[in-house]
Amino acid sequence: MRRAASSIHQQNPNVLMIFSGLDYAVNLSFLKKIPLNVEPRNKVVFEAHNYPYWVPNWDKEPTNSVCASMKSGLDEKVGFVLSNDGGAPLFITEFGMDLIKRKDSDERWLTCLLTFLAERDIDWCWWGLHGSYYLREGNVDVGEPFGLYNFYWNGTNYPQFTQRFQLLLNMIQDPSSKAPYSNVLYHPQSGLCVKSDQNNQIELSDCKKASGWNQEGDKIKLNGNQCLKSLGNEGGSVVVSTDCSSSDSSSTSWKFISDSGLHLQPRLDPTGDTVSFNVAAHRIEFLL
């Protein structure tokens, strides 16, 4: 890999050099023991693949436990390059699922992977765009069930794709920006983000219009003087309130629950009800 990189750079010093891992490009952990040590380092990018059939337990174990294990495995095998020895870019160059069958287990895998990509602002490429092949393995007009386009290339196999991926289609974090950082509450199942409306109600909307949240202790605050508050009523209604330090502070005190860390719940609901959101809180900056 080092010799190839040296040859490529000598021929064209303007191109990036993308390095793949082992086991069908899912494992870069050998770099922990044998660093790549390629110069110039700012031309090095690592890539990885991921598919649902490599995480086989979605139908057998609790979803959040499987997701936590999946994200931990991704960090251990590929995600570590983002911070290892100064860090390097990571590009998920191939992932996808059967868009014809659309199995529930595949949808759970995708939801989990979207949170991994969003948390780290990792660039990605879906397999694949095409809906069919002229010729594949000697067969003419073969369909591609993982393709975004349908067999005839005149429609999509996944109408929800644009909304589901709208956050990931934007730059999420910009290290060179001087703007203040804030968080968004991201709902990976829909691809939308949490927004506070003019009546202090919260709703899911386009992530470019998402409210900017910050966590202060166990409070989730908006604009410094408002906070997320559970009303503790049937259905688990939640509003934005200026009453952040009332005697009933439990309604504005939140904690992350579940192994995956993708759910929020009031620390103590006096009614005995539980209120939770299937959302992930990430430190994300929007450049509008």
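Right above here is the structure, for reference.
The structure displayed is predicted, hence computed values, not measured ones.

1. Focus: the pairing of strand β8 (residues 192-196)
Stage number 1. Along β8, 4 of the 5 residues are buried, which leaves the element largely enclosed by surrounding structure.
Stage number 2. Sheet analysis places strand β7 (residues 182-187) next to β8, joined by 2 bridges and oriented antiparallel. Of the residues in β8, the one forming a bridge with histidine 187 is leucine 192.
Stage number 3. Count of turn residues in the β7/β8 antiparallel hairpin: 4 residues, of which glycine 191 carries a positive phi of about 85°.
Stage number 4. When β8 meets strand β9 (residues 202-205), the two strands line up antiparallel, connected through 4 bridges. For lysine 195, the partnering residue across the bridge sits in β9 and is glutamate 203.

2. Brief notes about the state of the cysteines
Stage number 1. The full count for this structure, using the stated rule, is 3 disulfides.
Stage number 2. What pairs with cysteine 67 in a disulfide is cysteine 112, and their sulfur atoms sit 2.1 Å apart. Residues cysteine 67 and cysteine 112 share a disulfide whose torsion about the S-S bond is about 95°; that sign makes it right-handed. Separated by 45 residues along the polypeptide, cysteine 67 in helix α3 (residues 63-77) and cysteine 112 in helix α4 (residues 104-120) bring together distant segments of the chain.
Stage number 3. With relative accessibility at 1%, the residue cysteine 112 sits in the buried group.
Stage number 4. Here cysteine 227 connects covalently by a disulfide to cysteine 244, the sulfurs 2.3 Å from one another. Residues cysteine 227 and cysteine 244 share a disulfide whose torsion about the S-S bond is about -115°; that sign makes it left-handed. In this pair, cysteine 227 is assigned in strand β12 (residues 226-230) and cysteine 244 in the loop between β13 (238-241) and β14 (254-257), connecting sequence segments 17 residues apart. The pair cysteine 227 / cysteine 244 is uniform in exposure class, with both members buried.

Quick notes on the rules
Residues numbered from 1 in each chain as written. Predicted model: local features only at pLDDT ≥ 70, side-chain atom pairs only at ≥ 80, totals over all residues. Heavy atoms only, no water. Buried < 20%, exposed > 50% of the residue type's maximum accessible area, 1.4 Å probe, protein only. Helix = DSSP H or I, 4+ residues; strand = E, 2+ residues; numbered from the N terminus. Pairing = 2+ DSSP bridges. Disulfide = S-S within 2.5 Å.

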